[in-house]
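In case you want the letters, here they are:
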Amino acid sequence: MKQVIVITGASSGFGELAARELAKAGHTVYATMRETKGRNATQVEAAKKFARENKVDLRTVELDVASQESVDAAIQEIVREGGRLDVVIHNAGHMVYGPAEAFTPEQLAQIYDINVLSTQRVNRAALPFLRKQGNGLVVWVSSTSTRGGTPPYLGPYFAAKAGMDALAVSYAGELARWNIETTIVVPGAFTSGTNHFAHSGSPEDKARLKEYESGPTAELAKQITKGFALTAVADADVSEVAKAIVRVVDMPFGTCPFRVHIDPAQDGAEIVNGVADRVRAELLRNMGLADLLTPSSTKVAAKQAS
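What comes next is a walk through the structure. (Residues numbered from 1 in each chain as written. Predicted model: local features only at pLDDT ≥ 70, side-chain atom pairs only at ≥ 80, totals over all residues. Heavy atoms only, no water.)

Mapped onto the elements of the fold, Arg 280 is located in helix H9 (residues 269-286). The buried charged residue Arg 280 lacks any salt bridge partner; its closest oppositely charged side chain belongs to Asp 277, at an N-O distance of 5.9 Å. What Arg 280 contacts, discounting residues up to four positions off in sequence, is Val 169, Ala 172, Gly 173, Phe 258, Leu 292 and Leu 293. (Helix = DSSP H or I, 4+ residues; strand = E, 2+ residues; numbered from the N terminus. Buried < 20%, exposed > 50% of the residue type's maximum accessible area, 1.4 Å probe, protein only. Lys, Arg positive; Asp, Glu negative; His and termini not counted. Salt bridge = Lys/Arg side-chain N within 4 Å of Asp/Glu carboxyl O. Contact = heavy atoms within 4.5 Å.)

Structure, rendered in structure tokens:
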């Protein structure tokens, strides 16, 4: 069934790939990004060319996840133009690399803003439409770093992704009775095919950074990079993340998995998440809140079938 989809951070990486795959699957896709008339103008033209050559409905919309005003305007434009909104995909994010101590508190706040607060801005703009419709799907692009094996020097980014993941889990229960489904997509580390590492931020406190680069941790940054190369799967195809998102969106409503892992390196997140999600489900059942585990229409259909 054709759906109207909005995806954040779609100028490159997982977002761009997912937007194109979803459009190829027959959906109306709004690939959002900031500075559509500035530094991302080439991405806008590339999306238009892709849509034209593949005869698909892929559109771009200006949306700065750091601005509630921009987010509100984008979502309103999408609903006005598309007539509805069926799927919200939280993908926008930014990676940083370096010793945690060398990042200023202001930098951590910015990282948290991009990776976590952005989802809240989008939800506050989009969820009223989904709740009014009485159905919808929210997809969160998380990371195996939230619960898998993690190396140092990515602490601020890992902390932000963990915050987003925790928010996604809580939202899932709050939206179920509104008949809105949730899936958390959990990619592992892909060292090629995205710009995550190439565009990663660095610490602003250069004096503190220099201490780490000249002390007992002088070689740690290089060792971590080498370690990623040792554990990464050489032929890992980053497009598998986009394809996994398409599979989720195309599933019959009420059957979407709570989590989907795409982790070629198998860093352990799937195991730990499996335990955590089972414990969550058991707690909700013990609290008499088992209905929060699935969207409301699923339960109605099951009752009618019995």
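Membership of the largest hydrophobic core comes to 41 residues, with the highest contact counts inside it found for Ile 75, Ile 78, Leu 85, Val 88, Leu 127, Leu 130 and Val 138. When residues of this core are traced back to their parent elements, those giving at least two are strand E1 (4-7), helix H3 (68-82), helix H4 (105-133), strand E5 (136-141), helix H5 (155-176), strand E6 (180-187) and helix H7 (220-231). A per-element tally of this core places H5 first, with eight residues. Look past the residues within four positions of Val 88 in its chain and what remains in contact with it is Val 6, Val 122, Ala 126, Leu 130, Leu 137, Val 138 and Val 139. Counting 34 residues, the second largest nonpolar core, distinct from the first, contains Ile 5, Ala 23, Leu 137 and Val 139. (Core = buried A, V, L, I, M, F, W, Y, C linked by side-chain atoms within 4.5 Å.)

With that settled, the discussion passes to H3. The terminal C-alpha atoms of H3 lie 21 Å apart, and with 15 residues this matches the ideal 21 Å at 1.5 Å per residue to within 8%. For H3, the complete set of buried residues consists of Ser 70, Val 71, Ala 74, Ile 75, Ile 78 and Val 79. Projected onto a plane normal to the axis of H3, the buried residues spread over an arc of 160° and lie on a single side. For H3, the exposed residues set more than 90 degrees away from the buried face come down to Glu 69 and Arg 80. Along its buried surface, H3 packs onto E1, strand E2 (28-33), strand E3 (58-62) and H4. Following H3 by one or two positions, Gly 83 adopts a phi angle in the positive range, close to 85°. (Expected span 1.5 Å × (residues − 1). Arc of directions from axis to C-beta.)

Mapping Gly 83 onto the fold places it in the loop between H3 and strand E4 (87-90). On the accessibility criterion, Gly 83 (59% relative accessible area) is exposed. For the pair formed by Gly 83 and Gln 110, sequence separation is 27 residues and the distance between their alpha carbons is 34 Å.

The next point concerns the sheet that holds E4. Reading across from one edge, E3-E2-E1-E4-E5-E6-E7 is the order of the seven strands in this open sheet, with parallel pairing throughout. Two strands close off the open sheet at either side, each with one partner strand: E3 and strand E7 (259-262). Looking at each pair of strands side by side, their axes are set apart by 20° on average, direction ignored. Bridge analysis of E6 against E7 gives four bridges, and the strand direction is parallel. When the sheet's bridge partners are listed, Val 186 is paired in E7 with His 261. (Pairing = 2+ DSSP bridges. Axes fitted to C-alpha atoms, helices over the stretch in contact; angles between N-to-C directions.)

In this section: the packing of helix H1 (residues 13-24) against helix H8 (residues 239-250). Relative to each other, H1 and H8 sit at 45°, their axes nearing to 8 Å. By the criterion of interaxial angle, the relationship of H1 to H8 is oblique. Note that H1 runs across H8; the crossing there is right-handed. Between H1 and H8, the contacting residues are Phe 14, Leu 17, Ala 18, Glu 21 and Leu 22 on the first element and Ser 239, Val 241, Ala 242, Lys 243, Ile 245, Val 246 and Val 249 on the second. Split into classes, the residues belonging to the contact of H1 with H8 amount to nine nonpolar, one polar and two charged. (Parallel < 35°, antiparallel > 145°, perpendicular 65-115°, else oblique. Left-handed = near helix turned anticlockwise from the far one by under 90°. Nonpolar A, V, L, I, M, F, W, Y, C, P; charged D, E, K, R; others polar.)

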